[in-house]
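# A structural walkthrough
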Protein chains: 2
Amino acid sequence: MMPKLDATHDPARRSWVEAANRADSDFPIQNLPWAVFTRAGEQPRGGIAIGDGIVDLKAASEARLFSGAAAETARAASAPVLNDAMALGARSAAALREQLSDLLRADGRERARLEARAATFLVSMQGAQLCLPVTVGAFTDFLSSIFHTKRMGRNNLPPSYKYQPIAYNSRASSVRIGGETIVRPKGEFRAEAGEVGYGPESSLDFELEMAAVIGPGNALGAPIPIAEAADHIFGYCLLNDWSARGIQRWESQPLGPFLGKSFCTSISPWIVTAEALAPFRAPAFKRDGDDPPPFSHLSDEADLKEGGLDINLEAFWRTAAMRSRGAAPTRVTRTNANALYWTFTQMVTHHTVNGCNLRPGDLIASGTVSGPTDDSRACIAELNGNGTMPLTIGEEKRLWLEDGDDVIFRARAERHGHVSIGFGECSGVIGPMVAG
Amino acid sequence: MMPKLDATHDPARRSWVEAANRADSDFPIQNLPWAVFTRAGEQPRGGIAIGDGIVDLKAASEARLFSGAAAETARAASAPVLNDAMALGARSAAALREQLSDLLRADGRERARLEARAATFLVSMQGAQLCLPVTVGAFTDFLSSIFHTKRMGRNNLPPSYKYQPIAYNSRASSVRIGGETIVRPKGEFRAEAGEVGYGPESSLDFELEMAAVIGPGNALGAPIPIAEAADHIFGYCLLNDWSARGIQRWESQPLGPFLGKSFCTSISPWIVTAEALAPFRAPAFKRDGDDPPPFSHLSDEADLKEGGLDINLEAFWRTAAMRSRGAAPTRVTRTNANALYWTFTQMVTHHTVNGCNLRPGDLIASGTVSGPTDDSRACIAELNGNGTMPLTIGEEKRLWLEDGDDVIFRARAERHGHVSIGFGECSGVIGPMVAG
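Computed from a prediction, not measured in an experiment: that's the story for all the values here.

Within chain A one finds 12 helices and 26 strands. For 436 residues, the compact-globule estimate of 2.2 N^0.38 gives 22 Å, and chain A sits close to it at 21 Å. Relative to its full complement of 436 residues, chain A shows a buried share of 64%. Of the contacts made within chain A by residues no fewer than 6 positions apart, 74% connect residues no fewer than 24 positions apart. Accessible surface computed for chain A: about 15,800 Å², of which carbon and sulfur atoms make up 50%. Computed over 44 positive and 51 negative side-chain charges, the inter-centroid distance for chain A is 2 Å.

Below you can see the structure in the form of structure tokens.
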């Protein structure tokens, strides 16, 4: 069932954590996203963001700040990864959200129980280091933007594109949270002149994506029906599917992308829960009249009505020179998740229709979230016409990412009558390969 | 470094476990493969096969049967999965092999220490249930047989085929040990007439493969040089890459196989160590004179000389009627791992050349191990001319696998002057999809 609006989404609700009430905060009381964090000498543990602070779920759990299903959830989220907490399902996460929202709201009767011991339970973001929030057992990457697919395929769509969400298994072992250096990969490629070469990738790209993080998941052999798919999405994060275009082009026949993607994938450290996004649901993509309707197992009235998500996504690019003189990054992409031809619930159902099992913490990525307009092209290959038109970044020209460049993704759900919520950042700076 | 011959390979060595000395035993004292097993009410733990018995590594470890690195290895292998033991590396596994071989050999001075307490340390295979031996963090499937690739591609090779080993990330969550029922997947396909359909897969296939199981592995950003690649292969098992050809054909453009493979993959429960296979090393595939030589990072004198493996592999097919009347399965494939165009060490190095990290327990599968001859075709699509020529199985005709059919893989390394060693079985029976 799609998450529903309740008191935790009330736009009038404000927090006694003042930084959460600023209009530009990514983390107002209506958001409450999850992460894993650590401080010097401490075991990593789950936390929930509020303004410029993090509620330490381990400390709060040990002090019995929560009760019932919320307490069970907080206890599970005290671990160094959130997989077990996500496995508990949407109702458990909602129980924690409800109690925590009451503890954090300015006019909450429960306020004092948390505020009085804020030094114990509320950690400053500045003093905390964020960690990979889940053990990533699987990372699946879809191709759900028809605009990206058309631009990359010179206006041709794969034959099954409108019949089913197309995807591939990508590499789970190299998923990292943003902020790390992205080591430029080496690999084989075919040069312009036709000869085959080996060396550092020259056409290094980003892909601006969103990923669903799986909650309970399913047993092998038991597909998830579309009407239940939303129950298996714990939340969403940003994902940068760094892409080595030369390696990818040369290797992809006939088995698809492999080393062109597996050198590193960055996700944002904060997981925005599906429930926090309830006010930002949108109709599924409106198909053309002559598009085939989805098969019944991929089709559902609720999904048609509110299977989409209205989330603004942006990509920024900055050169080393810009960084050293403190210049603002150049925004190169502004797009929206409602451009996706397939909904995340359709992706989840399709993924399991053959009996394949999803497990808690699995990542289901959208693919590049490009829209129809030029400014919504969400990877460099689209922006530069597949390597033919250099871009202006600050005062420099760029065809692809150079060593020292960094890329920053941001996203916000914004809708009239609701408090905007953000995803934080997903960033990465390119570095040269040192070994190998 | 490639594993070398030592006293544990001595063909004259025999065990006081009599069943290990039978010429047809898969598990003579020269083999000593690893598995995880359990008995009623017991926590699963690592074990090593000898004849018709399993040495219980947990019991042996707790009784301090081993010393030094062997003791450390046995302690790690007492866990319900072998990933941590494999992470210790080849030298640790070799130390355990050496001490255990001494304890098990008929003329060993150490013999009494194990034999006297055989009731505690030596478990009957019949009374034990085998389990998935590792937590499969990743399952990569290569396309290393040029004969399979040509037959499946109507004699065309992908452009990069002879320049690099081609692979895709397959699904790790649905890897199981043989013996389980394989649930026939549902999915979308394009029918002969061109219309798109949805339903149970009718072209269900097997693929006879070998998989390397990764030992220590590498850090992200630090490729494994070809000269060190053998140090990262703990051992090998059989793998059945069950394939839904209708789903696969319809979905694979442009991202490669996905749901056509992810409904289930079976591996053999026994992992034959790289060291046990030392007597069965073979030269790498002899390329045609006009084939391009591999790039230097994929090329190594030792690999050229002994990077291949001389292992006979067989596939058997049996219908439900044959099983109920106790008829022997029909052998449909007899092939050899030396047919692979790329060596496992080349696959490991290629996999990491972009910086991608491998982790202990990862599976690196060969792809279908077809050879040049008709009887070495190692999947049904090759055997039936891509669905055009029915096969005779027992007294029945078959185009593809039907519900109730089972498939059994066996493999043995056999070489003059050495004791043959086997891999045990990897089997699966097809069942209908019940849910979804």
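Take the relation of the copies chain B and chain A next. Turning chain B through 180° and shifting it by 0.0 Å along the axis lays it on chain A, with an RMSD of 0.0 Å. Here the two chains are linked by the operation of a two-fold rotation axis. Residue G256 of chain B, judged by its C-alpha, is the member of chain B lying nearest the rotation axis, at 2.2 Å. Looking at the interface residues of chain B, 100% of them are also at the interface in chain A, so both copies use one shared face.

Before going further, it helps to examine the sheet that holds strand β3 (residues 53–56) of chain A. Residue and element names in this part refer to chain A. Spatially, 5 strands are ordered β4-β3-β2-β1-β5 in an open sheet, and the strand pairing comes out antiparallel. Only two strands of the sheet have a single neighbouring strand rather than two, namely β4 (122–124) and β5 (129–131). Put simply, the sheet's adjacent strands are angled 50° from each other on average, direction ignored. Strand direction decides the pairing type here: β3 and β4, joined by 3 bridges, are antiparallel.

Let us now look at the packing of helix α2 (residues 68–76) of chain A against helix α4 (residues 90–104) of chain A. Helix packing geometry: the angle between the two helix axes and the distance between the axes. Residue and element names in this part refer to chain A. Two elements in contact, α2 and α4, have axes whose closest approach is 7 Å; the angle formed by their N-to-C orientations is 105°. Considering their axes alone, α2 and α4 lie roughly perpendicular with respect to each other. Seen from α2, the contacting residues are A69, A70, T73 and A74; seen from α4, they are S92, A93, A95, L96 and Q99. Looking at the contact of α2 with α4 residue by residue, the classes come out as 6 nonpolar, 3 polar and no charged.

Turning our eyes to something else, we now look at the interface of chain B and chain A. Each side of the interface is counted separately: chain B has 59 residues, and chain A has 59 residues. The junction of chain B with chain A conceals about 5,300 Å² of combined surface from both sides, 60% of it contributed by carbon and sulfur atoms. The tally of links from chain B across to chain A stands at 2 salt bridges. Of the charged contacts in the structure, one is a salt bridge between D362 of chain B and R171 of chain A, with a shortest N-O distance of 2.8 Å. Summed over the shared surface of chain B and chain A, the result is 15 residue pairs in polar contact (both at pLDDT 80 or more). Looking at the side of chain B that touches chain A, the elements with two or more residues in it are β6 (139–142), β7 (167–170), β10 (186–190), β11 (196–200), α8 (245–251) and α11 (344–352) of chain B.

Attention now goes to the pairing of β7 of chain B. Residue and element names in this part refer to chain B. The alternating pattern of β7 places A167 and N169 on one face and Y168 and S170 on the opposite face, and all of these are buried. Of the pairings in the sheet, the one linking β6 to β7 comprises 4 bridges and is antiparallel in character. Pairing of F139 across the sheet is with S170, part of β7.

This part is about the pairing of strand β14 (residues 233–240) of chain A. Residues and elements named next belong to chain A. Of all the 8 residues making up β14, 8 are buried; the element is thus mostly covered by neighbouring parts of the structure. For β14 and strand β17 (residues 272–273), the ladder comprises 2 bridges, and the chain directions are antiparallel. Residue pairing in the sheet places G235 in a bridge with T273 of β17. In terms of strand pairing, β14 meets strand β16 (residues 265–267) through 2 bridges, oriented antiparallel. Bridging across to β16, L239 finds its partner in I267.

Let us now look at the packing of aromatic side chains. Residues and elements named next belong to chain A. Within this structure, the stated rule accounts for 24 aromatic pairs over all chains. Between the aromatic rings of Y161 and Y341, the centroid separation amounts to 5.8 Å while the plane-to-plane angle is 55°, which identifies the pairing as tilted. One end of the pair, Y161, is in the loop between α7 (146–152) and β7 (167–170); the other, Y341, is in the loop between β21 (330–336) and α11 (344–352), and 180 residues separate them in sequence. Of the two residues, Y161 and Y341, neither departs from the other in class, the shared state being buried. Looking at R287, its charged tip hangs above the ring of W342, at a distance of 4.6 Å from the centre. R410 extends its terminal NZ or CZ atom over the ring of F316, reaching a point 4.7 Å from the ring centre.

Sheet strands pair by backbone hydrogen bonding; their relative direction is either parallel or antiparallel. All names here are of chain B. Across the sheet, which stays open at both edges, the 5 strands sit in the order β9-β26-β25-β20-β21 with mixed pairing between neighbours. Of all strands in the sheet, those bounded by a partner on one side alone are β9 (181–183) and β21 (330–336). With strand direction ignored, the average angle separating the axes of adjacent strands in the sheet is 25°. Summarising the sheet, strand β25 (residues 406–413) and strand β26 (residues 421–431) pair through 7 bridges and their orientation is antiparallel.

Applying the stated criterion to the full structure yields 62 salt bridges over all chains. Where R105 of chain A meets D107 of chain A, a salt bridge forms, and the shortest distance between an N and an O atom there is 3.3 Å. Residue class for D107 of chain A comes out exposed when judged on its relative accessible area of 56%. Between R412 of chain B and D26 of chain B there is a salt bridge, and its shortest N-O distance comes to 2.9 Å.

Here we come to the side chain of E306 of chain A. Residues and elements named next belong to chain A. Structurally, the position occupied by E306 is in helix α9 (residues 301–306). Polar side-chain contacts of E306 include one of 3.2 Å to the side chain of K4. Residues within four places of E306 in sequence aside, it is in contact with M2, K4, R281, A282 and P283.

Within the secondary structure, F263 of chain A sits in the loop between α8 (245–251) and β16. Residues F263 of chain A and V175 of chain A lie 88 residues apart in sequence; the distance between their C-alpha atoms is 8.9 Å.

Let's shift gears to helix α4 (residues 90–104) of chain B. Under the 1.5 Å per step criterion, the end-to-end length of α4 of chain B is 21 Å for 15 residues, consistent within 8% with the ideal 21 Å. Within α4 of chain B, burial applies to S92, A93, A95, L96, R97, L100, S101, L103 and L104 of chain B.

Moving on, we get to α11 of chain B. All names here are of chain B. For α11, the buried fraction is high: 9 of the 9 residues fall into the buried class. Taken residue by residue, α11 has F344, T345, Q346, M347, V348, T349, H350, H351 and T352 as its buried positions. Where α11 is buried, its residues meet β6, β13 (208–214), β14 (233–240), α9 (301–306), β19 (308–309) and β22 (363–365).

About the thresholds
- Residues numbered from 1 in each chain as written.
- Chains lettered and ligands numbered in written order.
- Predicted model: local features only at pLDDT ≥ 70, side-chain atom pairs only at ≥ 80, totals over all residues.
- Heavy atoms only, no water.
- Helix = DSSP H or I, 4+ residues; strand = E, 2+ residues; numbered from the N terminus.
- Rg over C-alpha atoms; globule rule 2.2 N^0.38 Å.
- Buried < 20%, exposed > 50% of the residue type's maximum accessible area, 1.4 Å probe, protein only.
- Contact = heavy atoms within 4.5 Å.
- Areas by Shrake-Rupley, 256 points an atom, 1.4 Å probe, with all protein chains shown as cover.
- Lys, Arg positive; Asp, Glu negative; His and termini not counted.
- Charge placed at Lys NZ, Arg CZ, Asp CG, Glu CD.
- Least-squares fit on C-alpha atoms with pLDDT ≥ 70 in both.
- Pairing = 2+ DSSP bridges.
- Axes fitted to C-alpha atoms, helices over the stretch in contact; angles between N-to-C directions.
- Parallel < 35°, antiparallel > 145°, perpendicular 65-115°, else oblique.
- Nonpolar A, V, L, I, M, F, W, Y, C, P; charged D, E, K, R; others polar.
- Buried area = accessible area lost by both parts, 1.4 Å probe.
- Salt bridge = Lys/Arg side-chain N within 4 Å of Asp/Glu carboxyl O.
- Polar contact = N/O pair within 3.5 Å; in protein donor to acceptor, adjacent residues only side chain to side chain.
- Phe/Tyr/Trp six-rings, centres within 6.5 Å; stacked < 30°, edge-to-face > 60°.
- Lys NZ or Arg CZ within 6 Å of the ring centre and 35° of its normal.
- Expected span 1.5 Å × (residues − 1).

Geometric descriptors of this kind do not, in isolation, establish any biological role.
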